[in-house]
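Survey of secondary and tertiary structure
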Amino acid sequence: MSKRKFNVAVVGATGAVGNQMIECLEERNFPVKTIKFLASSRSAGRTLRFRGDSVSVEEMTGKSFKGMDIALFSAGGGTSLEFSPIAAKAGCVVIDNSSAWRMDPDVPLVVPEVNPHAVAGYKKKGIIANPNCSTIQMVVALNPIHRKCGIKRIVVSTYQAVSGTGKKAIHELYDQTRAMINFLDYKKNVYPHRIAFNCLPHIDVFLDNGYTKEEMKMVNETRKIMEDNSIGITATTVRVPVFFSHSESINIETEKYISADRVRALLKKAPGVKVVDDVGKKLYPLPIDAAGQDLTLVGRIRQDESIPNGINMWVVADNIRKGAATNAVQIAEILAEKYL
């Protein structure tokens, strides 16, 4: 890590991902000189803890980024579109967690275990995009296989935790579950249907092609991160009544044959991956095991017997940590070490 220390701003500091960004900066001992917590006027004046000190949350304005080196944004696409260029103009490199900049050809989309070299592209606009949470864990698991034998096609179905929607969704699942267990009426505020004891095949808005925006994010972001537009990708994204950690059922078709045993061997050596795959002992990735950690868990690795070069797997990761906050801080670490 760089010996220099940096002035860091966390935008959206009071949100679920913002809270986790703060925790990750502290856990990973990022070289912070000063830290600034920014949010909307509604949250201004609140205090948050960092390294034992209380830090007041400030309302974000156009002047908030003067003298800052790095800003971790998790405050929504509209806010990012407005304030990221302002921060960049002030000389502050933005690492943005929204979807606002991900497909901009002048903005790198980075997963450190997959394409760390792409960070160098931040100089074009002063912005680096953090990918979608469901995309991050998938490419961490698939990149070693793609580099070894080429992936022709990906079919992925996700089982995504409510924390991906934010704190209000976490409370909604809790409140609905408690209400139903006690035979009480429940309220729907965040999701269009009840989420407790249910599954919703609907994440983000529906597009003209019948897919949701979340599904197309996985398609387009994966190709950009893995630097291969030839990969065929189709996705179905589903919200499930789980608080933390997204799960994914992934089927791939490879250019060259690779055995399930070889896939396990590759992934056991892959950065950011933990293979949990012993069905004889009933060991496979679970959301409750991934929650609170930064590794992507991979298991249920097996041949797809319906095609010559097919592999199935089950991939689970904490969507708030590796799927958002930790990935952003890892990008900041690369910036600090090699570019700033």
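See above for the structure.
The structure reproduced in this document is the subject of the present report. Residue positions are counted from 1 within each chain, in the order its sequence is given. Selection of residues for local features in this predicted model requires a pLDDT of at least 70, selection of side-chain atom pairs for listing and counting requires 80 or more, and totals for whole chains, interfaces and linings are taken over all residues. Only hydrogens and water are removed before side-chain values are computed, so all heavy atoms of the structure are retained for them.

Turning our eyes to something else, we now look at the sheet that holds strand S4 (residues 53-59). Strand order in the open sheet made by the seven strands is S3-S4-S2-S1-S5-S6-S7, with mixed pairing throughout. Two strands bound the open sheet, and with one partner strand each, they are strand S3 (47-50) and strand S7 (127-129). Neighbour-to-neighbour, the strand axes of this sheet turn through a mean angle of 25°, independent of strand direction. Where S3 lies against S4, four bridges are found, and the strand directions are antiparallel. Considered in S4, the bridge of threonine 47 is made with serine 56. The strands touched by helix H1 (residues 16-27) within the sheet are strand S1 (6-11), strand S2 (32-39), S3 and strand S5 (70-73), with S3 carrying the most contacts at an inclination of about 25°. Strand pairing requires that DSSP identify at least two bridges connecting the strands. Helix and strand definitions follow DSSP, with helices as H or I runs of at least four residues and strands as E runs of at least two, each counted in order from the N terminus. Inter-axis angles, ranging from 0 to 180 degrees, are taken between N-to-C directions of lines fitted to C-alpha atoms, where helices are fitted over the stretch in contact. Contacts between residues were defined by any pair of non-hydrogen atoms, one from each residue, lying within 4.5 Å.

This part covers the packing of helix H3 (residues 133-149) against helix H8 (residues 321-339). Packed helices, taken two at a time, are described by the angle their axes make and the gap between the axes. Look at H3 against H8: their axes get within 8 Å of each other, and the N-to-C directions meet at 85°. Considering their axes alone, H3 and H8 lie roughly perpendicular with respect to each other. Listed contacts from H8 to Cys133, Ile136 and Val140 of H3 are Lys322, Gly323, Ala324 and Asn327. To sort the angles, those under 35 degrees are grouped as roughly parallel, those over 145 as roughly antiparallel, those from 65 to 115 as roughly perpendicular, and the leftovers as oblique.

Axis separation between H3 and helix H6 (residues 260-268) bottoms out at 9 Å; the angle between their running directions is 115°. The interaxial crossing formed by H3 with H6 has right-handed handedness. Facing H3, whose interface residues are Ala141, Pro144, Ile145 and Lys148, H6 presents Arg262, Val263, Leu266 and Leu267. Under this grouping Gly is polar, as are all residues other than the nonpolar Ala, Val, Leu, Ile, Met, Phe, Trp, Tyr, Cys and Pro and the charged Asp, Glu, Lys and Arg. Grouping the constituent residues of the contact of H3 with H6 by class yields six nonpolar, no polar and two charged. Crossing handedness: left-handed means the near helix sits turned counterclockwise from the far one by under a right angle, and right-handed means the same turn made clockwise.

All right, on to the environment of alanine 196 then. Secondary-structure assignment places alanine 196 in the loop between helix H4 (167-181) and helix H5 (213-225). With a 1.4 Å probe rolled over the protein chains alone, any residue whose accessible area is under 20% of its type maximum counts as buried; one over 50% counts as exposed, and the rest are partly exposed. On the basis of relative accessibility, which here comes to 0%, the residue alanine 196 falls in the buried class. For the pair alanine 196 and leucine 72, spaced 124 residues apart in sequence, the C-alpha separation works out to 32 Å. Filtering out sequence-adjacent residues up to four positions away, alanine 196 remains in contact with Leu173, Gln176, Thr177, Met180 and Pro241.

In this section: the nonpolar core. As a rule of thumb, nonpolar side chains are buried together in soluble globular proteins. Counting residues in each nonpolar core, the largest one holds 52 residues, and the members touching the most others are Phe65, Leu142, Ile154, Ile250 and Met313. Among the elements that make up this core, the one with the highest residue count is H3 (eight residues). When near neighbours in sequence (up to four residues on either side) are disregarded, isoleucine 250 contacts Met138, Leu142, Ile154, Val155, Val156, Ile311, Asn312, Met313 and Val315. Counting 37 residues, the second largest nonpolar core, distinct from the first, contains Ile35, Ala39, Ile320 and Val329. Throughout this description, the term nonpolar core refers to a set of buried Ala, Val, Leu, Ile, Met, Phe, Trp, Tyr and Cys residues connected via side-chain atoms within 4.5 Å.

Turning to unusual backbone geometry, a few remarks are in order. Trans peptide bonds make up most of the peptide bonds, and negative phi angles are found at most residues other than glycine. One non-glycine residue with positive phi stands out, namely phenylalanine 197, at about 55°. In this model, glutamate 227 sits at a positive phi of 55°, which is unusual for a non-glycine residue. Position of glutamate 227 among the secondary structure elements: in the loop between H5 and strand S9 (232-239).

The six strands are arranged S9-S8-S10-S13-S12-S11 in an open sheet whose pairing can be described as mixed. Each of the sheet's edge strands pairs with one partner strand only, and the pair in question is S9 and strand S11 (273-275). With direction set aside, neighbouring strand axes in the sheet form an average angle of 20°. Pairing of strand S8 (residues 151-160) with strand S10 (residues 246-254) involves eight bridges; the strand directions are antiparallel. From the neighbouring strand, tyrosine 159 faces S10, where its bridge partner is serine 247. Running at roughly 165° to strand S12 (residues 296-303), H6 makes contact with S11, S12 and strand S13 (310-317) of the sheet.

Interpretation in functional terms is not warranted from these geometric data alone.
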